[in-house]
Amino acid sequence: NAGVTQTPKFRVLKTGQSMTLLCAQDMNHEYMYWYRQDPGMGLRLIHYSVGEGTTAKGEVPDGYNVSRLKKQNFLLGLESAAPSQTSVYFCATRENTDTQYFGPGTRLTVL
Amino acid sequence: RKEVEQDPGPFNVPEGATVAFNCTYSNSASQSFFWYRQDCRKEPKLLMSVYSSGNEDGRFTAQLNRASQYISLLIRDSKLSDSATYLCVVGLSGSSNTGKLIFGQGTTLQVKP
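Residues numbered from 1 in each chain as written. Chains lettered and ligands numbered in written order. Predicted model: local features only at pLDDT ≥ 70, side-chain atom pairs only at ≥ 80, totals over all residues. Heavy atoms only, no water.

Caption draft 1: Structural view of the side chain of Thr61(B). Residue and element names in this part refer to chain B. The topology assignment puts Thr61 in strand β7 (residues 60-65). Within the structure, Thr61 has its side chain in polar contact with the side chain of Arg76 (distance 2.9 Å). If we skip the residues at most four places from it in the chain, Thr61 touches Asn55, Glu56, Ser72, Leu73, Leu74 and Arg76. (Helix = DSSP H or I, 4+ residues; strand = E, 2+ residues; numbered from the N terminus. Polar contact = N/O pair within 3.5 Å; in protein donor to acceptor, adjacent residues only side chain to side chain. Contact = heavy atoms within 4.5 Å.)

This is the structure we're talking about:
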């Protein structure tokens with residue numbers, strides 16, 4: 001039982017490049033979330049999903065897209081990376097309570 | 001004004017000390033409250049939920065004051081392993097519950113030998 005996994009763990013991009021971050025969970029949770037964490041800012045919600053086939057915008061969605069084609073996977077895409085998107089990205093899942101379970105994070109640097 | 005505010009610290013305390021962290025939240029409709037712990041370069045993990053009646057888990061005690069919109073965490077007999085960042089987290093619940101949580105920026109604790 002792996003819980004929540006994220007790939008890749010680290011990535012360096014050049015400005016304008018695109019990439020997809022994958023979050024996978026084996027807990028059969030309906031809700032999934034993508035956050036970014038920056039120094040002095042706390043975690044900020046980018047996008048979230050309340051179930052397979054659904055997505056919604058969070059607090060800071062600009063520059064990101066998401067898809068939830070399968071219940072166990074939540075993908076975060078950057079179409080044209082910018083230095084402002086340098087951050088640590090965390091995926092989280094949730095069942096019926098408000099408790100969220102986080103993946104180990106992806107450290108992204110955009111040069 | 002941030003929705004959840006915490007003193008970022010750092011709090012530097014000796015082993016065995018008692019330390020308290022405070023947090024305030026701005027949305028009076030908030031229904032769920034938590035403390036998460038985050039170790040350096042790791043993911044946040046739930047430390048404990050916070051209830052109006054207050055709750056205790058070993059050396060950790062959490063309190064909620066809805067009238068003042070204030071949450072606290074007390075750590076007694078600090079251990080070196082308690083060194084981490086403690087995140088105050090608030091959620092809205094209800095029929096349209098999307099499970100969204102609002103995170104404070106965290107309070108850093110360093111326990112020294």
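Caption draft 2: Looking closely at the packing of aromatic side chains. Counted under the stated rule, the structure contains 13 aromatic pairs over all chains. Centroid distance Phe11(B) to Phe21(B): 5.2 Å. Interplanar angle 80°. Geometry classified as edge-to-face. Note that Phe11(B) is positioned in strand β2 (residues 11-14) and Phe21(B) in strand β3 (residues 19-25), a separation of ten residues in sequence. Judged by its relative accessible area of 24%, Phe11(B) is partly exposed. Chaining the aromatic ring pairs together yields one cluster made of Tyr33(A), Tyr35(A), Tyr48(A), Phe90(A), Phe102(A), Phe34(B), Tyr36(B) and Phe103(B). Of note, Arg94(A) hangs over the ring of Tyr31(A), and the distance from its end group to the ring centre comes to 4.1 Å. (Phe/Tyr/Trp six-rings, centres within 6.5 Å; stacked < 30°, edge-to-face > 60°. Buried < 20%, exposed > 50% of the residue type's maximum accessible area, 1.4 Å probe, protein only. Lys NZ or Arg CZ within 6 Å of the ring centre and 35° of its normal.)

Caption draft 3: Focus on the sheet that holds strand β7 (residues 65-67) of chain A. All names here are of chain A. The strand order across the open sheet built from four strands is β1-β3-β8-β7, with neighbouring strands paired in antiparallel fashion. Across the chains shown, the open sheet's two edge strands, defined by having one partner strand only, are β1 (4-7) and β7. Across the sheet, the mean angle from the axis of one strand to that of its neighbour is 20°, orientation sign disregarded. Bridge count for strand β3 (residues 19-25) against strand β8 (residues 73-78) is six bridges, and the pairing is antiparallel. Counted as the bridge partner of Cys23 is Phe74 from β8. (Pairing = 2+ DSSP bridges. Axes fitted to C-alpha atoms, helices over the stretch in contact; angles between N-to-C directions.)

Caption draft 4: The side chain of Ser30(B), seen in detail. Its location among the elements puts Ser30(B) in the loop between β3 and β4 (32-38). Setting aside chain neighbours within four positions, we find Ser30(B) in contact with Tyr25(B), Arg66(B), Val90(B), Gly91(B) and Leu92(B).

Caption draft 5: Seen up close, the environment of Ala20(B). Residues and elements named next belong to chain B. Inspection of the secondary structure assignment puts Ala20 in strand β3. Residue classification places Ala20 among the partly exposed positions, given a relative accessible area of 38%. Along the backbone, Ala20 and Tyr36 are 16 residues apart, and their C-alpha atoms lie at a distance of 15 Å. Here Ala20 is in contact with Phe11, Leu73 and Leu74, once residues within four sequence places are set aside.

Caption draft 6: Region of interest: the interface of chain A and chain B. Each partner contributes to the interface: chain A provides 20 residues, whereas chain B provides 20 residues. When the area that chain A buries against chain B is broken down by residue, the three leading residues are Asp98(A), Phe102(A) and Arg107(A), summing to 31%. Viewed at the interface, chain B and chain A are joined by zero salt bridges. Across the contact surface, chain A and chain B share two residue pairs in polar contact (both at pLDDT 80 or more). For the side of chain A that touches chain B, the elements supplying multiple residues, two or more each, are β4 (31-38), β5 (42-49), β9 (87-94) and β10 (100-102) of chain A. Split into classes, the residues belonging to the side of chain A that touches chain B amount to eleven nonpolar, six polar and three charged. (Buried area = accessible area lost by both parts, 1.4 Å probe. Salt bridge = Lys/Arg side-chain N within 4 Å of Asp/Glu carboxyl O. Nonpolar A, V, L, I, M, F, W, Y, C, P; charged D, E, K, R; others polar.)

Caption draft 7: How the structure looks around the nonpolar core. Counting residues in hydrophobic clusters, the biggest one holds 23 residues, and the most contacted among them are Phe21(B), Trp35(B), Ile71(B), Leu73(B), Ile75(B), Tyr86(B) and Leu109(B). Listed by contribution, the elements that provide at least two residues to this core are β3, β4, β7, β8 (70-75), β9 (84-91) and β11 (107-112) of chain B. Excluding anything up to four places from it in sequence, Ile75(B) contacts Ala17(B), Thr18(B), Val19(B), Phe21(B), Arg59(B), Phe60(B), Asp82(B), Tyr86(B) and Leu109(B). Core analysis: the next-biggest nonpolar cluster, separate from the first, contains 19 residues, Met19(A), Leu76(A), Ala81(A) and Cys91(A) among them. (Core = buried A, V, L, I, M, F, W, Y, C linked by side-chain atoms within 4.5 Å.)

Such coordinate-based values are descriptive only and should not be taken to indicate function.
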